[in-house]
Amino acid sequence: MKVALIGLPQSGKTTMFRALVGPGVSKEKGLLNLGIVKVPDKRVEKLAQIYNPKRTVYAQIEVVEATAVHKGDKKGGQGSTLDPALLNLLKPMDAFLLVTRAFDEEGLCEPRADVEAIIEEMMLSDLMVLEARLERDELDRKKGKSVIPAEELDALTKCRELLESGRLIAEAPDVANLAELRTYAFLTARPILVIANVAEADAGTPIEELLKRYDLPVRGLQTFACCAQIEAELQELPDDERPDFMEALGITEPAVNIVIEQVYKALGLISFLTTGEDECRAWTIRKGTLAPKAAGVVHSDIEKGFIRAEVIAYDEFEALGSEQAAKKAGKYRLEGREYAVQDGDIIHFRFNV
Ligand SMILES: Nc1nc2c(ncn2[C@@H]2O[C@H](COP(=O)(O)OP(=O)(O)OP(=O)(O)O)[C@@H](O)[C@H]2O)c(=O)[nH]1
Ligand SMILES: [Mg+2]
């Protein structure tokens, strides 16, 4: 999974990137900063304590900072356009984290207007891609050349209707998820999470209060608020110093945990777990993924040779304390090809090679 931090210049994208990725694990590549976030998961921690494996591996989400979302001025007015080179780089992203500046001492920041400006640009960008395709189709029709298949044309027409009536494609999930649209990679068809980047003094202010103050959310978008600066410092502290720092500032949960949880939710993601003396690990799948497909995330051979999945829910495992105890209590289930893996399932796959 890949998510991109986007936002106006100087809104705090790099700072938020540090708050998510932590120190020393990022690299720069052209217009993007690339980093990896370990998906915080207490269950993996607990399994590692029990199994003491050689490796403990968390699920991961790739985070990129788009370093040049906008050319031109801050206000989203004339000359402020999405860089076409960047648009291509944003195509493979699964979701967007829209950072907006809400930390101006002089009260000059306008997070609501800034978010709206970017959203409108994203809509405009989608509309331009769409119009270009439809215009080309019309010419091809006149020339008697091959044209867009009917379903695809229908899907594009629905997108145009949404955008022209001022809505995001994602507001109609049945349209946003149409397979015919996949190659277009419309920006507004994907989840957008807004992060209001507030001042240090507000690091511990309840989020409801911050949202109210800044008149957020915009367009009903999922919105979170945190002080990126403080959160970045928090990630750069040694583990044992974090709790005191958080308590002093009134932070109950690091922003990275909340943001990742919201990304998971927005994308319909869940994690399943594998255990052993070599490795305890969490794996990311979409909700509803069937057992063989989930096995394929671990290794394609396991998917090919899938026989069955031996499954225990993490909560039951934790309550009973060990796999043996769970087996004895009859909590181990044998599941077949039609089983939809659940969040927190601990799975041993049986397979033929
Ligand atoms: N006071 C305060 N300053 C912040 C906060 N977040 C970012 N800044 C400052 O704002 C400036 C811009 O932050 P960046 O994180 O570099 O913003 P950016 O969006 O990556 O900027 P560009 O990549 O240049 O568009 C820097 O001087 C930061 O130190 C914050 O939460 N509080
Ligand atoms: Mg930056």
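Here, the structure is the one placed above.
Rules used throughout
Residues numbered from 1 in each chain as written. Chains lettered and ligands numbered in written order. Predicted model: local features only at pLDDT ≥ 70, side-chain atom pairs only at ≥ 80, totals over all residues. Heavy atoms only, no water. Donors = N, O, S within 2.8 Å, 3.2 Å for Na, K, Ca; no water. Helix = DSSP H or I, 4+ residues; strand = E, 2+ residues; numbered from the N terminus. Buried < 20%, exposed > 50% of the residue type's maximum accessible area, 1.4 Å probe, protein only. Near = heavy atom within 4 Å. Polar contact = N/O pair within 3.5 Å; in protein donor to acceptor, adjacent residues only side chain to side chain. Areas by Shrake-Rupley, 256 points an atom, 1.4 Å probe, with all protein chains shown as cover. Pairing = 2+ DSSP bridges. Right-handed = clockwise from strand over helix to strand, strands pointing away.

**Quick look at the coordination of the magnesium ion (ligand 2)**
Perfect tetrahedral coordination of a metal by four donors corresponds to 109.5 degrees between them, and perfect octahedral coordination by six donors corresponds to 90 or 180 degrees. The protein atoms donating to the magnesium ion (ligand 2) are T14 (OG1) and E65 (OE), with metal-donor distances spanning 2.0 to 2.4 Å. You can see T14 sitting in helix α1 (residues 13–21) and its partner E65 sitting in strand β5 (residues 60–66), a full 51 residues away along the chain. E65 sits in the buried class, given a relative accessible area of 3%.

**Comments concerning the site of ligand 1**
With respect to spatial proximity, 16 residues lie near ligand 1, and among them Q10, K13, T14, T15 and N197 are the closest. One of the side-chain nitrogen or oxygen atoms of Q10 is found 3.0 Å away from an oxygen atom of ligand 1. Taking N197, its side chain carries an N or O atom lying 2.9 Å from an oxygen atom of ligand 1. Within the complex, the protein chains bury 73% of what would otherwise be the 640 Å² of accessible surface of ligand 1. Contributing elements (two or more residues each) for the shell around ligand 1: α1, β7 (192–198) and α8 (228–236). A total of three residues in the shell around ligand 1 trace back to one element, the largest contributor, which is α1.

**Notes on the pairing of β7**
Counting buried residues in β7 gives seven out of seven residues, a clear majority hidden from the surface. The alternating pattern of β7 places I192, V194, A196 and V198 and L193, I195 and N197 on opposite faces, both of which are buried. Alignment of strand β6 (residues 95–102) against β7, held across seven bridges, turns out to be parallel. Across the sheet, F96 pairs through a bridge with I192, a residue of β7. Bridge count between β7 and strand β8 (residues 223–226): four bridges; the pairing is parallel. Counterpart to N197 in the pairing with β8 is C226. Read as a crossover between parallel neighbours, the route from β7 over helix α7 (residues 207–213) to β8 is right-handed.

**Considerations on the side chain of N33**
Relative to the assigned elements, N33 resides in strand β3 (residues 32–38). At 2.7 Å, the side chain of N33 forms a polar contact with the side chain of E65.

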